[in-house]
Amino acid sequence: MRALYRASRVASSTLRPFLCESHRTGPLQTLVEGGRSFCSHAREKSRDAAVDLNHYPPERIRNFSIIAHVDHGKSTLADRLLELTGTIKKGHGQPQYLDKLQVERERGITVKAQTATMFYRHNFRQDYTSEMENAPKFLLNLVDTPGHVDFSYEVSRSLAACQGVLLVVDAAQGVQAQTVANFYLAFESNLTIIPVINKIDQPTADPDRVKAQLKSLFDLDPNLALLTSAKTGQGLEHVLPAVINRIPSPSGKCDSPLRMLLLDSYYDEYKGVICHVAVVDGALHKGDKISSSATGQVYEVSDIGIMHPELTPTGVLLTGQVGYIVSGMRSTKEARVGDTLHQAKILVVPLPGFKPAKHMVFSGLYPADGSDFDALNHAIERLICNDASVSVTKETSTALGMGFRCGFLGLLHMDVFHQRLEQEYGAKVLSTIPTVPYIFDYSDGSKVQIQNPAALASNPRKTVTACWEPTVFATIIIPSEYIGPVITLCSERRGEQLEYSFIDSQRAFMKYRLPLREIVVDFYNELKSITSGYASFDYEDAEYQKSDLVKLDILLNGQPVDAMTTIVHSLKAQRVGRELVEKLKKFIDRQMFEITIQAAIGSRVIARETISAMRKNVLAKCYGGDISRKRKLLEKQKEGKKRMKRVGSVDIPQEAFHELLKVSKE
Ligand SMILES: Nc1nc2c(ncn2[C@@H]2O[C@H](COP(=O)(O)OP(=O)(O)OP(=O)(O)O)[C@@H](O)[C@H]2O)c(=O)[nH]1
């Protein structure tokens, strides 16, 4: 009896994940057919499946991510692995296949992490003479991640679905700042790290130097580093065997109730919201009803599959597998990244999820043509379905009308969002000067985070008692000859040096604490230019520090333009004010009346420029020398101008706003 019970338990635990919901809860004996484990319902469902995932229990799965510093070759390596496994055709004519966005192709950077499922036969005995057809087939999920610091949130999210990483390092450039940051992301997540020294085909490649750096900085065994060229294909044959041999399989429980992590989501015009998910425990089938731990909403799974590399329906996703689902969610408010999805009516302990995205930079987005507010609203709603890391709230500006205050992960992220709005949704956008989130303490004990400088209004009933600004820990890696200029740059930017050491005989490693405001605008460009492009830079957020901040208003003919208000350090107010005023003068056209442009702190004007009025020649038609008639005409013109000045509003061209974004230094 006990044996029978045990047999049915074993059968139940191994079979249940493969069954549809109606059968999973029913008596098992009705489902077992000639010793095979699948119910007729499940077979029916798998008919539309191009790939049968039932052959891939967790021990035949490896989930790994490719992480590296910018441009060290992640996406190219991903291409080669996809080709090697036959997932995409060789010479598909589209380099960096997984960089699908127009903005990624134009800028040559990865912005969005992309997952692709590959199938690969691996012979553990390394006995290549034996027939490979008999070697076990593995399901490999590869995640290509962005390298730029702004998108490290994407990297940390991707790592939640992985058990290991390929840490790619350029054989000529060696370890760079994002290599360090990404190593620690993987290390702190307890992932297996496989070092890959790439671009060994370059004439300046020095793999031994890189191996020594990997040892001294990360204590990684240099003998375990793989040497590759994603360009020529050299050494690539060792990558996937290393993935299978060194990275553990996912450790979820097949016989537990479904727990699935929502990794990412995007909006598709035809299918609606498509969610990328990692099945941690249990299994999910097409037609199942699932529920969100965050909202309690119930959905029916209408499509399910893997990215192979395009959406490929499979009818099922099993423990340890990564794929997509379509379940009728309508917006990212429903598809919350980091949420745990489970079978409806079966309660589970939610998975740890992710830390919420931290918004470093805020900016107002307004329709370039005021009447297009609805179009911009629609475009932003759609785009945040594809980029949930942006925060959006509505705001109104007296100068620009109705718009949005958006929070971004950094300046590049802001630029990319802006570009995507224009390219993918045809929205014409005007953005205001980016600002960082400051905190102000008031005399009544309240604390307010200011994301829009114009909102910092003077209030007679309470005064500001303290100002706080966000800071970051910055990592800078540079060739030793540039140490002097970099130290000067950091101290100009109010930085405090925390660490200073040498990676090897040629390169220095520095850690600084810097105010976030000082690095979001143009710090990286300046760092690159003073180091001939050799510096690498990364940062992570640190705590707030007390600071002496002032609100800087820009006034046109005495009227403050709220969209141009900014908050600056008091020591730099004069310089920033002058720079803003001079920039504006260049971009505002002369009008029929005089325009004064002023920068002011409260009622104190700290910089001023004047654009003189265009003078219409009212005397053109006045022939002859009647002086009193001429004087009369000039007097009339002066009166008219006064009236225009009083009632007229200054037209500020779009370029003026774009130029103000570039105000390089505070
Ligand atoms: N010589 C050489 N060039 C390579 C190799 N691998 C990649 N590249 C080149 O390096 C550049 C950057 O490659 P990507 O694959 O886009 O780098 P990435 O790390 O994905 O870049 P981000 O996504 O922006 O972080 C491209 O011009 C590639 O052609 C290699 O093994 N050898």
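What you see is a predicted model, and the numbers here were worked out from it, not measured in a lab.

This part is about the overall build of the protein. Scanning the protein from terminus to terminus reveals 17 helices and 31 strands. In the protein, once contacts between residues fewer than 6 apart in sequence are set aside, the share between residues at least 24 apart is 70%.

The strands that make up a sheet pair up through hydrogen bonds in the backbone, lying either parallel or antiparallel. Here we have six strands laid out as an open sheet, ordered β2-β3-β1-β4-β5-β6, and mixed in their pairing. Where the open sheet ends on each side, the last strands, each with one partner, are β2 (114-121) and β6 (226-227). Along the sheet, helix α7 (residues 177-188) makes contact with β1 (61-68), β4 (164-170) and β5 (192-198), crossing β4 at roughly 165 degrees.

Attention shifts here to the pairing of strand β17 (residues 361-367). Counting buried positions along β17 yields seven of seven residues, so the element is predominantly enclosed. Going residue by residue along β17, you find Val 361, Ser 363, Leu 365 and Pro 367 tucked away on one face and Phe 362, Gly 364 and Tyr 366 tucked away on the opposite face as well. Relative to strand β19 (residues 401-408), β17 is paired through five bridges, and the arrangement is antiparallel. By the bridge assignment for β19, Phe 362 is matched with Gly 407. Pairing analysis gives three bridges linking β17 to strand β20 (residues 429-431), with the strands arranged antiparallel. Within β20, the residue paired with Leu 365 across the bridge is Ser 431.

In this section: the sheet that holds β17. Strand order in the open sheet made by the four strands is β18-β19-β17-β20, with antiparallel pairing throughout. If you trace the sheet from one side to the other, it starts and ends with β18 (391-397) and β20, each paired once. The sheet shows a mean angle of 35 degrees between the axes of neighbouring strands, taken without regard to direction. As judged from the seven bridges shared by β18 and β19, these two strands associate in the antiparallel manner. When the bridges of β19 are listed, Val 392 appears paired with Cys 406. Together, β17, β18, β19 and β20 form the strand contacts of helix α10 (residues 373-386), whose direction differs from that of β17 by roughly 140 degrees. Set on the sheet, helix α11 (residues 411-425) makes contact with β17, β19 and β20; between it and β20 the angle comes to about 160 degrees.

What follows concerns the nonpolar core. Membership of the largest hydrophobic core comes to 153 residues, with the highest contact counts inside it found for Leu 167, Val 277, Leu 284 and Ile 476. Looking at which element gives the most residues to this core, the answer is strand β8 (residues 272-281), with seven residues.

What follows covers helix α12 (residues 483-492). What sets the pattern is the α-helix's 3.6 residues per turn: residues three or four places apart point alike. Listed as buried for α12 are Val 486, Leu 489 and Cys 490. In a view along the axis of α12, the buried residues occupy a sector of 95 degrees, so they form one face of it. Facing away from the buried side of α12 by over 90 degrees, the exposed positions are Gly 484, Thr 488 and Ser 491. Close packing links the buried residues of α12 with β23 (464-479), β24 (496-502), β25 (507-515) and α14 (523-530). Looking one or two residues beyond α12, the residue adopting positive phi is Arg 494, at roughly 65 degrees.

With that settled, the discussion passes to unusual backbone geometry. A cis amide bond links His 308 to the next residue, Pro 309, at an omega of -10 degrees. The topology assignment puts Pro 309 in the loop between β12 (303-307) and β13 (311-313). Residues other than glycine seldom take positive phi values, yet Asp 71 does so here, at roughly 70 degrees. Note on placement: Asp 71 falls in the loop between β1 and α4 (74-84).

To continue, consider the environment of Gln 114. Take Gln 114: it is sitting in strand β2. By the C-beta count within 10 Å, which is 26 here, Gln 114 ends up buried. Separated by 193 residues in the primary sequence, Gln 114 and Met 307 place their C-alpha atoms 9.1 Å from one another.

To continue, consider the packing of α12 against α14. For the pair α12 and α14, interaxial distance at closest approach is 10 Å and the crossing angle is 160 degrees. Relative to α14, the element α12 lies roughly antiparallel. Crossing angle aside, the handedness with which α12 passes α14 is right-handed. Note on element contacts: α14 touches α12 through Glu 526, Leu 527 and Ile 530, opposite Pro 485, Val 486 and Leu 489. Looking at the contact of α12 with α14 residue by residue, the classes come out as five nonpolar, no polar and one charged.

Attention now moves to the packing of helix α6 (residues 152-159) against α7. Their axes nearest at 10 Å, the elements α6 and α7 cross at an angle of 30 degrees. With respect to their mutual orientation, α6 and α7 come out roughly parallel. The two elements α6 and α7 meet at a crossing, and its hand is right-handed. Residues Ser 152, Val 155, Ser 156 and Leu 159 of α6 lie in contact with α7, whose contacting residues are Ala 181, Asn 182, Leu 185 and Ala 186. Counted by class, the contact of α6 with α7 contains five nonpolar, three polar and no charged residues.

What follows deals with the confidence of the model for the protein. Here the protein shows a mean pLDDT of 82. Residues at 70 or above account for 81%. No element of the protein has a lower mean pLDDT than helix α1 (residues 2-15), at 34, and none a higher one than β5, at 98. Here residues 1-49 is modelled with pLDDT under 50, and outside its nearest four sequence neighbours on either side it reaches 58 contacts, counting other chains as well. Note that pLDDT drops below 50 for residues 643-648; the model gives that stretch six contacts with residues more than four away or on any other chain.

What follows covers helix α15 (residues 573-587). Along its 15 residues, α15 runs 21 Å from first to last C-alpha, staying within 8% of the 21 Å computed at 1.5 Å per residue. What α15 keeps buried is the set Ala 573, Val 576, Gly 577, Leu 580, Val 581 and Leu 584. Each buried residue of α15 lies within a common arc of 130 degrees when the element is viewed along its axis, so the set occupies one face.

Within the fold, Thr 432 resides in the loop between β20 and β21 (438-442). A tally of 28 C-beta atoms within 10 Å means that Thr 432 is categorised as buried.

What follows covers the environment of Ile 611. Tracing the sequence through the fold places Ile 611 in strand β31 (residues 604-611). Taking the number of C-beta atoms within 10 Å as the measure of exposure, Ile 611 has 19 and is therefore partly exposed.

Parameters at a glance
Residues numbered from 1 in each chain as written. Predicted model: local features only at pLDDT ≥ 70, side-chain atom pairs only at ≥ 80, totals over all residues. Helix = DSSP H or I, 4+ residues; strand = E, 2+ residues; numbered from the N terminus. Contact = placed C-beta atoms within 7 Å. Pairing = 2+ DSSP bridges. Axes fitted to C-alpha atoms, helices over the stretch in contact; angles between N-to-C directions. Buried ≥ 20, exposed ≤ 12 C-beta atoms within 10 Å, placed from the backbone. Core = buried A, V, L, I, M, F, W, Y, C linked by C-beta atoms within 7 Å. Arc of directions from axis to C-beta. Parallel < 35°, antiparallel > 145°, perpendicular 65-115°, else oblique. Left-handed = near helix turned anticlockwise from the far one by under 90°. Nonpolar A, V, L, I, M, F, W, Y, C, P; charged D, E, K, R; others polar. pLDDT = per-residue confidence, 0-100. Expected span 1.5 Å × (residues − 1).

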